[in-house]
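One-letter residues, chain by chain:
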Amino acid sequence: MVIKVEHELHKRRLDRNVGVGLLLIGFVVIVLVLTVVKVQGLGDIREMERFDHVARPALEQAAGASEEEGTQ
Amino acid sequence: MTDVTQQTGTYEARMGDYFALMKPRVMQLVVFTALVGLLVAPVPVHPFIGFVGILCIAVGAGASGALNMWWDADIDAVMKRTQSRPIPSGRVQPGEALGIGLALSGFSVILLALATNLLAAGLLAFTIFFYAVIYSMWLKRSTPQNIVIGGAAGAFPPMVGWAVATGGIAPESVLMFALIFMWTPPHFWALALFVKSDYGNADVPMLTETHGRRVTRNHILGYTIALVPVALGIAFTSIGGPVYLAVALLLNGWFLKGAVDIWRRDDADSEADQHAVEKRVFKISLYYLFGHFGALLVEAVLRTNGLGGW
């Protein structure tokens, strides 16, 4: 025997589940596009390096050069 | 066989019930004024960042609406105008409203800080705090000046919009704040004059109940007169111009005439035509605000095309 569920409660739950699902998808899309926009807005790629923890020889050399200038 | 509704015990809300918690009609005004604040600012914003900024302001306003509905559920159940709201009608549980309000407040403020700047996020956080705590929890039930001071919560969105674009505060954004701040009392008191019995039944100290309707009529006229220089003053700032000035002169004349009409009437006149003038002035007040901000938007569009301004 097939149990058929036709209660109005299930329609409300479906409505809510679909709503929450769409909101979550929307949130993911917003974060993704926002990230792309922010990164593109940096212009110079070295601006992005500023936020990571990787050694950045170009910046270190530049800092070293300015220190030498200061001691002379 | 047991019914599924009996098993769960409580009504399970639809998505629309949660959306109704966020006071979508108030949100329209918030979105519009915040958008104008953002678009008239002298600093261009990336369209998507602007969109996220406005979305965060709208969600923050909705969150404060949900917190307001959670706190005011007892008086909402008494007043005719608010009886069908999600909590008094039993569609949403008070705890759900509190949870949604707090979660969306945090979400909107943090996302706004990440997407734009800390000042905009701080202003949004303060707006939510002001509406939910200062207005709803404190002023609304304790003083007939509730609308006057509480009106600041509704006045912040254009300042937040401006801060999203510029990262700062300027005389122009403060004047947009002042326009809504000064407009709120006559707008709400016109409403209170034709829904008089409701606030009294709920023990909300609306000016009509504490000081009488004559005093309320005087206050409407007084605040409308004080509103005029603020509205006209914006015309001579960097966001104003001749189009705005023309619209402001027209709307202020119309609103001022309505306020004088309310002031000249007494309760007998008002009862006789079922508060026709009060209802008309309430409607004019809506056109007034949308008209002023619409004119600012027109000035901004004209300026980008080399026209507009002085």
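Residues numbered from 1 in each chain as written. Chains lettered and ligands numbered in written order. Predicted model: local features only at pLDDT ≥ 70, side-chain atom pairs only at ≥ 80, totals over all residues.

An unreviewed UniProt entry lists chain B under the name Protoheme IX farnesyltransferase, with Salibaculum griseiflavum as the source organism. In its Subunit (unreviewed entry) section, UniProt records this for chain B: "Interacts with CtaA." Looking at the Pathway (unreviewed entry) heading of the UniProt record, one finds this comment for chain B: "Porphyrin-containing compound metabolism; heme O biosynthesis; heme O from protoheme: step 1/1." (UniProt positions renumbered as here; feature names shortened; annotations may be inferred.)

By the naming in an unreviewed UniProt entry, chain A goes by Cytochrome C oxidase assembly protein and is assigned to Salibaculum griseiflavum.

**Examining the overall build of chain A**
Tallying secondary structure elements over chain A gives 3 helices and 0 strands in all. Listing each helix as α and each strand as β along chain A from the N terminus yields α-α-α. A burial count over chain A gives 0% of its 72 residues as buried. (Helix = DSSP H or I, 4+ residues; strand = E, 2+ residues; numbered from the N terminus. Buried ≥ 20, exposed ≤ 12 C-beta atoms within 10 Å, placed from the backbone.)

**So, the domain arrangement of chain B**
Residue and element names in this part refer to chain B. Split by domain assignment, chain B resolves into domain 1 (1-167) and domain 2 (170-310). Contacts between domain 1 and domain 2 engage 27 residues on the former and 27 residues on the latter. The set of elements that each furnish at least two residues to the side of domain 1 that touches domain 2 consists of α3 (24-40), α8 (146-155) and α9 (157-166). Split into classes, the residues belonging to the side of domain 1 that touches domain 2 amount to 17 nonpolar, 6 polar and 4 charged. (Domains from an automatic or database assignment. Contact = placed C-beta atoms within 7 Å. Nonpolar A, V, L, I, M, F, W, Y, C, P; charged D, E, K, R; others polar.)

**Topic: the interface of chain B and chain A**
Facing the 11 residues of chain B at the interface are 12 residues of chain A. Residue assignment for the side of chain B that touches chain A shows that the elements contributing at least two residues are α1 (4-8) and α4 (47-71) of chain B. Counting residues per element, the side of chain B that touches chain A draws most heavily on α4(B), which supplies 3 residues. For the side of chain B that touches chain A, the residue count by class is 7 nonpolar, 2 polar and 2 charged.

**A closer look at the confidence of the model for chain A**
Low pLDDT means the predicted atomic positions in that stretch should not be read closely. The pLDDT averaged across chain A works out to 79; a share of 61% of its residues lies at or above 70. Mean pLDDT across the elements of chain A bottoms out in helix α2 (residues 45-49) of chain A (66) and peaks in helix α1 (residues 8-41) of chain A (91). (pLDDT = per-residue confidence, 0-100.)

**Some words on the packing of α4(B) against helix α6 (residues 94-115) of chain B**
Two measures define how a pair of helices packs: the angle their axes make with one another and the distance between the axes. Residue and element names in this part refer to chain B. Between α4 and α6, the least distance of the axes is 8 Å, while the angle of their chain directions is 155 degrees. Comparing their axes, α6 and α4 come out roughly antiparallel. Here α4 runs over α6; the crossing is left-handed. (Axes fitted to C-alpha atoms, helices over the stretch in contact; angles between N-to-C directions. Parallel < 35°, antiparallel > 145°, perpendicular 65-115°, else oblique. Left-handed = near helix turned anticlockwise from the far one by under 90°.)

**Some details on the UniProt feature "transmembrane region" (unreviewed entry) in chain A**
This chain's UniProt record puts "transmembrane region" (unreviewed entry) on residues 20-39 of chain A. Spanning residues 20-39 of chain A, this segment combines 100% helix with 0% strand, and its end C-alpha atoms are found 29 Å apart.

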